[in-house]
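Notes for the structure review
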Amino acid sequence: MSAIIIDGKAVAQDVRSGVAQKVAALKEKGVNPCLAVILVGSNPASVSYVTGKRKALAEAGMEDRSVDLPETVTEDELLAKIHELNEDKTVHGILVQLPLPKHISEEKVLLAIAPEKDVDGFHPVNVGNMMIGKKAFLPCTPHGILVLLQKAGIKTDGAHAVVIGRSNIVGKPVSILLTRREFNCTVTICHTGTKNIAEITRQADILIAAAGRPNTVTADMVKPGAAVIDVGVNRIPDATKKSGFHLEGDVDFNAVKEVASFITPVPGGVGPMTIAMLMYNTLEAAENTLA
């Protein structure tokens, strides 16, 4: 029996609809939720991501304070712009689209964003608070994964979750979040240094693939009945597509769906959740100003 395909688009739309309702209620209290998205240069993938974020802001009824800067912008100029947005009380969230040009330090830029406006959840203050279970903006992709698990009714209590990948954006934070009492998973992290990875992944009740490499997870690596969450977004050259490429995840989808009980597709799985949770965090940042 084939796996149930988790429709990330539908779940994301639910989240975004809920956010839009709360935005309307906040506006009645005189608060207009606002996100500043800073785009440096014209990297096609970054432009595509930012366009999606701006569309979601419009749909949610939030103010879009977009900032487009040339590739040649200096680090000091970018930091000055972030400082200006930090000081602007009408801006609730700030997001700098990564990657940045080589002459700009990503670390310096992320540190420059005020933690209360860090709706990406990347500032060390938010990361630290997440780590110890205090209130914090959760990173959007890991948070989106948790919402997908909940909405699909996948049992996490006592489950063994195996995460492939140890990035600061997905692998590490999702591992930490899954160990929280409300999810109660036992978590194993696998990475490029892991030996006999298939032996470990075959023990997973929940398998999260965030390696950034196509076909990292094959059918023989999956325990029958496991839930498989594919975080990968890999651009594969494809002359038949207008864009010149198609998207694939880190999982051999067609083979694995015959073994798993649940699976997320790429595109249309985790991806839409990332933007939905960004809208959720921006709303929360605006709500915090009333506290």
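Scroll up to find the structure.
The structure reproduced in this document is the subject of the present report. Only a predicted model underlies this, so the values are computations on that prediction, with no experimental measurement involved. (Residues numbered from 1 in each chain as written. Predicted model: local features only at pLDDT ≥ 70, side-chain atom pairs only at ≥ 80, totals over all residues. Heavy atoms only, no water.)

Attention shifts here to the overall build of the protein chain. The secondary structure content of the protein chain amounts to 10 helices and 12 strands. Computed over the C-alpha atoms, the radius of gyration of the protein chain is 19 Å, within 12% of the 19 Å expected from 2.2 N^0.38 for a compact globule of 291 residues. Dimensions of the protein chain, computed from the C-alpha atoms along their principal axes, are close to 55 × 45 × 35 Å. Split into buried and exposed, the 291 residues of the protein chain put 49% on the buried side. (Helix = DSSP H or I, 4+ residues; strand = E, 2+ residues; numbered from the N terminus. Rg over C-alpha atoms; globule rule 2.2 N^0.38 Å. Buried < 20%, exposed > 50% of the residue type's maximum accessible area, 1.4 Å probe, protein only.)

Overall, parallel pairing links the six strands, which are arranged β1-β12-β9-β8-β6-β7 in an open sheet. Looking along the sheet, the strands with just one partner apiece sit at the ends: β1 (4–5) and β7 (186–190). Pairing analysis gives four bridges linking strand β6 (residues 160–164) to strand β8 (residues 206–209), with the strands arranged parallel. Paired with Val 162 across the bridge in β8 is Leu 207. Against the sheet, helix α7 (residues 171–178) touches β6, β7 and β8, its axis set at about 170° to β6. (Pairing = 2+ DSSP bridges. Contact = heavy atoms within 4.5 Å. Axes fitted to C-alpha atoms, helices over the stretch in contact; angles between N-to-C directions.)

Most of strand β2 (residues 34–40) is tucked away, with seven of its seven residues classed as buried. Along β2, one buried face is formed by Cys 34, Ala 36, Ile 38 and Val 40 and the opposite face, lined by Leu 35, Val 37 and Leu 39, is buried too. Sheet topology note: the β2/strand β3 (residues 63–64) ladder contains two bridges and is parallel. Bridged to Cys 34 within β3 is Glu 63. For the handedness criterion, the β-α-β arrangement of β2, helix α2 (residues 44–60) and β3 is classed as right-handed. In the sheet, β2 pairs with strand β4 (residues 67–69) via three bridges, with the strands oriented parallel. Each residue of the ladder has a partner; that of Val 40, found in β4, is Leu 69. (Right-handed = clockwise from strand over helix to strand, strands pointing away.)

Before going further, it helps to examine the packing of helix α6 (residues 140–151) against α7. Close contact between α6 and α7 brings their axes to 9 Å; oriented N to C, the two are set at 45°. By the angle between their axes, α6 is oblique relative to α7. Considering the relative orientation of α6 and α7, their crossing is right-handed. Only Pro 173, Val 174, Leu 177 and Leu 178 of α7 make contact with α6, whose side of the interface consists of Pro 142, Ile 145, Leu 146 and Leu 149. Its residues assigned to classes, the contact of α6 with α7 comprises eight nonpolar, no polar and no charged. (Parallel < 35°, antiparallel > 145°, perpendicular 65-115°, else oblique. Left-handed = near helix turned anticlockwise from the far one by under 90°. Nonpolar A, V, L, I, M, F, W, Y, C, P; charged D, E, K, R; others polar.)

Here we come to the environment of Leu 177. Note that Leu 177 resides in helix α7. On the accessibility criterion, Leu 177 (0% relative accessible area) is buried. Placed 35 residues apart in sequence, Leu 177 and Pro 142 show a C-alpha to C-alpha distance of 7.9 Å. Those residues in contact with Leu 177 that sit more than four places away from it in its chain are Met 130, Leu 138, Pro 142, Leu 146 and Phe 183.

With that out of the way, let us pick up the side chain of Glu 75. Within the element layout of this structure, Glu 75 appears in helix α3 (residues 75–87). What makes Glu 75 buried here is its relative accessible area of 15%. Engagement of the side chain of Glu 75 in a polar contact is seen with the backbone nitrogen of Ser 105, the distance being 2.8 Å. (Polar contact = N/O pair within 3.5 Å; in protein donor to acceptor, adjacent residues only side chain to side chain.)

The subject of this paragraph is α7. Across the eight residues that make up α7, a large majority, six, are buried. Buried within α7 we find Gly 171, Pro 173, Val 174, Ser 175, Leu 177 and Leu 178. The elements touched by buried residues of α7 are α5 (124–131), α6, β6, β7 and β8.

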